[in-house]
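An overview of the molecular structure
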Amino acid sequence: MLPGPLPSSMQLTDEGKLKHFLTVEGLPPLLLEEILDRSQQFVALPDKAQVQAPLLRGKTVMNLFFENSTRTRTTFELAAKRLSADLVNMDIRTSSATKGESLLDTIRNLEAMGCDMFVVRHSSSGAAHFIARYCAPHISVLNAGDGRHAHPTQAMLDMLTIRQYKKDFPPLRVAIVGDIKHSRVARSQIHALSTLCTGETRLIAPKTLIPQGIEKMGVNVYHDMEKGLRGVDVVIMLRLQHERMKTALLPSVREYYARYGLTEERLKLAKDDAIVMHPGPVNRGVEIDSRVADGPQSVILQQVTNGIAVRMAIMSMVMGSR
Amino acid sequence: MALQCEWQLCQWSWGHDSMTEYNAKKCTLVKNGRLIDPQSNTDKITDLAIYKSKIIGIGDSIPANFKAETQVDAEGLWVLPGIIDLSAYLREPGLENKTRIPYETYAAVSGGITRLCCMPETDSPIDTGAVVKLIRGKVKQAGFAQVSMIGALTQKLEGEQLSPMGSLKYVGCVGVTQGWNSFKDLATLRKCMEYASTFELPLFLHPLEHSLMEKGGMHEGALATRLGLPPIPVAAETAAMAQIISLVEQTNTPVHFCRLSTAKSIHLLKQAKKDGLPITADVAIHQLFLSEMDLCDYNPLCHTIPPLRSERDRDALRQAVADNTIDAICSDHQPHEIDAKLAPFEETSPGISGFETLLPLTLRLVEEKVIDLNQAIAYLTHKPASLISSDAGTLQMAKKADFSLFDPNHFWQLDAEKLLSKGKNTPFSGWSFNGKTVKTFIKGKLVYHETIF
């Protein structure tokens, strides 16, 4: 076995069906629509969905989290269970990786235990691609976040939420606010929004949090929160990691909130019916005011509910591709 | 004038030898090869006579009584001076899981390289005479390519205390470097420069500003942003260069810049040379062919330090090679065990196994009309030789008979698994090349000949 390129084209089968779900980039718009349609069906199902949808009965799903997470892992877990899959949670940080086992060996060992799907979160960009390239051919890999690169299921649940409130993408103006530089969520959202032909995507952040060349992804960059929010239909706030203060990216939480925090006054600059989203977990008083997070325009909890449906849809699609 | 006298004396003494005796067993005659030697501006079909370890005649100057037991038919082949490679990582001592000296020095001669400079970044850096002697012993035992050592500039390469450069010079180090490691501060760098120049040890400096770099990163730009890989800006190289150039102005110490990668660096280099500063620079051959675009699908084989830059940067490097702003081309040979590359990009070790592609890729620059053949050979032979104060890299009377025979009509395709180096980490697998080294001689001794599969 020799190392080499990890093409993202491998996420589709020869028939164009979804085999792995690694990134939104490069997927055809119709496929994204299909994911949203299926997710909507699962949202509509009653709570005890597994009675109606034993689509993954007899399949084993492994949650491989090399980085910590509560929300994403739990929603993947619930999604798998509602589809009647067997589920194993592996917290790799506390096991093999710390004993010096290579990622490839970890994957080989888990494969030998017999499983059908890996849900992977890893701190290195491209890790999900790597696992998809080198794992056994019958296994599907779902990316639950790799480095700064992609978090495609999060982006899809955000798209589902937007569609539920705003119907169609082309007339929309969407603003993403916060630490774009280190955010895999923002990158996946940008790809999803552009694939779905969103009217305008704006990024709002100080220059230290905007990565070079991001305009090439078809977005408009704003450094002034007030200007950027004017007339938008959707405001997506990103979580600000506290470590960012230590590395000279930002002076203080206070200044960040003063310049880029989403307050009720600032939200008034957006359209009257604008919705406010946040991938969680929310830092109240850092990037968003509690009154906005809990306010009538906030759809943050709807996002969480949608997260399960989107993950059910994607899991059933990759298992159906075989 | 003195030089000319010495030359005549030398000729006379060789001539004198030839009158008396030539042991045919110790004679080799390479017949009818196309001898290309940029140093002496030679490019003609001729014979090359070797007695013991030295060249004693070319064409008409071959003594009449020279009778060789070994005759090598070089018809249709090129006779090239042995390549001198300025940068290689041999991994011994300490990193024997990657490779060992005999494998790598053999891989080198298979690519026409007769002398290589070994970088000090082993797992016990080359910072004492003992390590130098250890490596030299292993090289001698292997008996393939010759190795010159570049010693550590600071103790354990930690960037704080001076290494014993006087002793390193005494045991034969041809230069000193800090490798990819940082200096404690600029004052330390300045003292290192002054101390190295005390012993006339060439300084090989990698211009890297570490605070602007992250591990596992790539060239800063739209692609790095898309891939989510840590960005390494152009300024990581140019800021370091600018600082070093200031210190060269201050101390008038000669400095050689290793592995330039950006258009802006070339600009700084040109300016420094124009100002008359004693500055030289080299480029790694892969930087002239690959760019950040080769990383678009996380190919760990293209993970290098400095990172592959934009296509504009690559074109500027090619232009600098074409107009002789650059002083040498090297392989920057870094063999790795395959596991070092079988991981997500950020976690892989940087470097390319480059011995066996150095000459083929350089000649591809000729095919692509970037440089002419003479220039190409010069970049690999006498130019790098002069940077380590060696008079090798040329095929002239009384010089050591280090040379290779190259078949320009041998069409082949590179297969990573078939590399002779233990490091199979090349991004050039599948590339086709015109021409291959078929025989390599060091001090008149055949050390490599191609076996046909």
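Along each chain, residue indices are assigned from 1 in the same order as the chain's sequence is written. As they are written, the chains are lettered A onward and the ligands numbered 1 onward, keeping that order. Residue-level local features of this predicted model are given only where pLDDT is at least 70; pairs of side-chain atoms are given and counted only at 80 or more, and the full residue set underlies all totals for whole chains, interfaces and linings.

This next bit is on the overall build of chain A. A tally of helices and strands in chain A yields 12 helices and 9 strands. Computed over its C-alpha atoms, the radius of gyration of chain A comes to 19 Å, within 12% of the 20 Å expected for a compact globule of 322 residues. Expressed along its principal axes, the backbone C-alpha trace of chain A runs to roughly 55 × 45 × 30 Å. Counted over contacts in chain A with a minimum sequence separation of 6, partners at least 24 positions apart contribute 75%. Only DSSP runs of H or I covering at least 4 residues are called helices, and only runs of E covering at least 2 are called strands; the numbering of each starts at the N terminus. We compute the radius of gyration over the C-alpha atoms and compare it with the globule rule, which gives 2.2 Å times the number of residues raised to the power 0.38. Note on contacts: residues are paired as contacts if their backbone-placed C-beta atoms lie within 7 Å.

Turning our eyes to something else, we now look at the sheet that holds strand β3 (residues 117-122) of chain A. All names here are of chain A. By this definition, two strands are paired if DSSP reports at least two bridges between them. With respect to topology, 4 strands assemble into an open sheet ordered β2-β1-β3-β4, the strand pairing being parallel. Of all strands in the sheet, those with a lone pairing partner are β2 (86-91) and β4 (140-146), marking the two edges. Taking each pair of neighbouring strands and ignoring which way they run, the sheet shows an average axis angle of 15 degrees. Pairing analysis gives 5 bridges linking β3 to β4, with the strands arranged parallel. Bridging from a neighbouring strand, V119 pairs with L142 of β4. To obtain each axis, a line is fitted to C-alpha atoms, and for helices this fit is confined to the stretch in contact; angles are then taken between N-to-C directions over 0 to 180 degrees.

A word on the domain arrangement of chain A. Residue and element names in this part refer to chain A. Domain segmentation is taken from an automatic or database assignment of domains. Per the domain assignment, the segments of chain A are domain 1 (8-150 + 305-320) and domain 2 (152-299). Contacts between domain 1 and domain 2 engage 27 residues on the former and 20 residues on the latter. Secondary structure elements with two or more residues in the side of domain 1 that touches domain 2: α1 (29-44), β4 and α12 (300-320). Here the term charged refers only to Asp, Glu, Lys and Arg, the term nonpolar to Ala, Val, Leu, Ile, Met, Phe, Trp, Tyr, Cys and Pro, and the term polar to all other amino acids, Gly among them. Residues of the side of domain 1 that touches domain 2, tallied by class, amount to 13 nonpolar, 9 polar and 5 charged.

To form a nonpolar core, buried Ala, Val, Leu, Ile, Met, Phe, Trp, Tyr and Cys residues must be joined through C-beta atoms within 7 Å. Any residue with 12 or fewer other C-beta atoms within 10 Å of its own C-beta is exposed, any with 20 or more is buried, and the rest are partly exposed; the C-beta atoms used are placed from the backbone. Among the nonpolar cores identified, the biggest contains 227 residues, and V177(A), V235(A) and V79(B) are the most heavily contacted of them. The element best represented in this core is α12(A), accounting for 9 residues. The residues touching V177(A), leaving out its near neighbours within four places in the chain, are I204(A), A205(A), V235(A), I236(A), M237(A), L238(A), Y260(A) and L262(A).

In this assembly, 28 residues from chain A lie in contact with 25 residues from chain B. Elements represented by at least two residues in the side of chain A that touches chain B include exactly α4 (103-112), α5 (127-134) and α7 (184-195) of chain A. Broken down by element, the residue count for the side of chain A that touches chain B peaks at 3 residues, all from α5(A). Here the side of chain A that touches chain B is built from residues that sort into 12 nonpolar, 12 polar and 4 charged.

Accessible area lost on assembly of the parts is the figure often given for the size of an interface. Residue and element names in this part refer to chain B. Domains assigned within chain B are domain 1 (2-80 + 400-421 + 430-449) and domain 2 (81-387). The C-alpha-based centres of domain 1 and domain 2 are spaced at 29 Å. If you look at the interface, domain 1 gives 22 residues, while domain 2 gives 32 residues. Broken down by secondary-structure element, the contributors of at least two residues to the side of domain 1 that touches domain 2 are β1 (27-37), β16 (403-413), β17 (432-442) and β18 (445-449). If you tally residues by element for the side of domain 1 that touches domain 2, the top one is β17, at 6 residues. Classifying every residue of the side of domain 1 that touches domain 2 by side-chain character gives 12 nonpolar, 7 polar and 3 charged.

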